[in-house]
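One-letter residues, chain by chain:
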Amino acid sequence: MKVACNKCLSKEEIEIPDFTKAEKNRLLKLIAQSALLSIKYITGNYGISYRDAKFMVTHINKIYDHCNCCNFEKLEGEYIACPKCGALNFNWKRT
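Cut-offs used in this document
- Residues numbered from 1 in each chain as written.
- Predicted model: local features only at pLDDT ≥ 70, side-chain atom pairs only at ≥ 80, totals over all residues.
- Heavy atoms only, no water.
- Phe/Tyr/Trp six-rings, centres within 6.5 Å; stacked < 30°, edge-to-face > 60°.
- Helix = DSSP H or I, 4+ residues; strand = E, 2+ residues; numbered from the N terminus.
- Buried < 20%, exposed > 50% of the residue type's maximum accessible area, 1.4 Å probe, protein only.
- Lys NZ or Arg CZ within 6 Å of the ring centre and 35° of its normal.

Participant: Can you tell me about the packing of aromatic side chains, naming the residues and giving the values?
Facilitator: If you walk through the whole model with that rule in mind, you get six aromatic pairs. With centroids separated by 5.5 Å and ring planes inclined at 70°, the aromatic side chains of F19 and W92 adopt a geometry described as edge-to-face. Residue F19 is located in the loop between β2 (14-15) and α1 (21-33), and its partner W92 is located in the segment after β4 (88-90); the two are separated by 73 residues in the primary sequence. This pair shows no difference in class: F19 is buried, exactly as W92 is. Measuring from ring centre to ring centre gives 4.9 Å for Y79 and F90, while their planes differ by 75°; the resulting arrangement is edge-to-face. With Y79 in strand β3 (residues 79-81) and F90 in strand β4, this residue pair connects regions lying eleven residues apart in the sequence. In terms of burial, Y79 and F90 fall into one category: buried. Members of the aromatic cluster, joined through ring pairs, are F19, Y41, Y46, Y79, F90 and W92. The ring of Y41 carries the charged tip of R26 above its face, separated from the ring centre by 5.2 Å.

Here you go:
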């Protein structure tokens, strides 16, 4: 799937791997520890460029259903633009 963020300077889309639930959970745990470790994990395991991995990590929600940019609290869907500010969110449910 290709995604882009209306809030980022770059309007170009990036390809997101079809992450399994286990992979998403692994990334959520890594992000809680360190954004840099998460970026290195993505680049090393998925063959994604550093730039695109950093884009992914910065768009994965820290709190489920909350926008990373404006903290809007009712996001619905996994890859969603915030209805309030337009920022892209990887709204992954924690399990």
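Participant: Kindly report on unusual backbone geometry, identifying the contributing residues and their values.
Facilitator: Within the chain, D65 stands out as a residue other than glycine whose phi angle is a positive 75°. Looking at where D65 falls in the secondary structure, it is placed in the loop between α3 (50-59) and β3. Located in the positive-phi region is N71, a residue other than glycine, with phi close to 70°. Secondary-structure assignment places N71 in the loop between α3 and β3. Judged by relative accessible area, N71 falls into the partly exposed class, the value being 43%.

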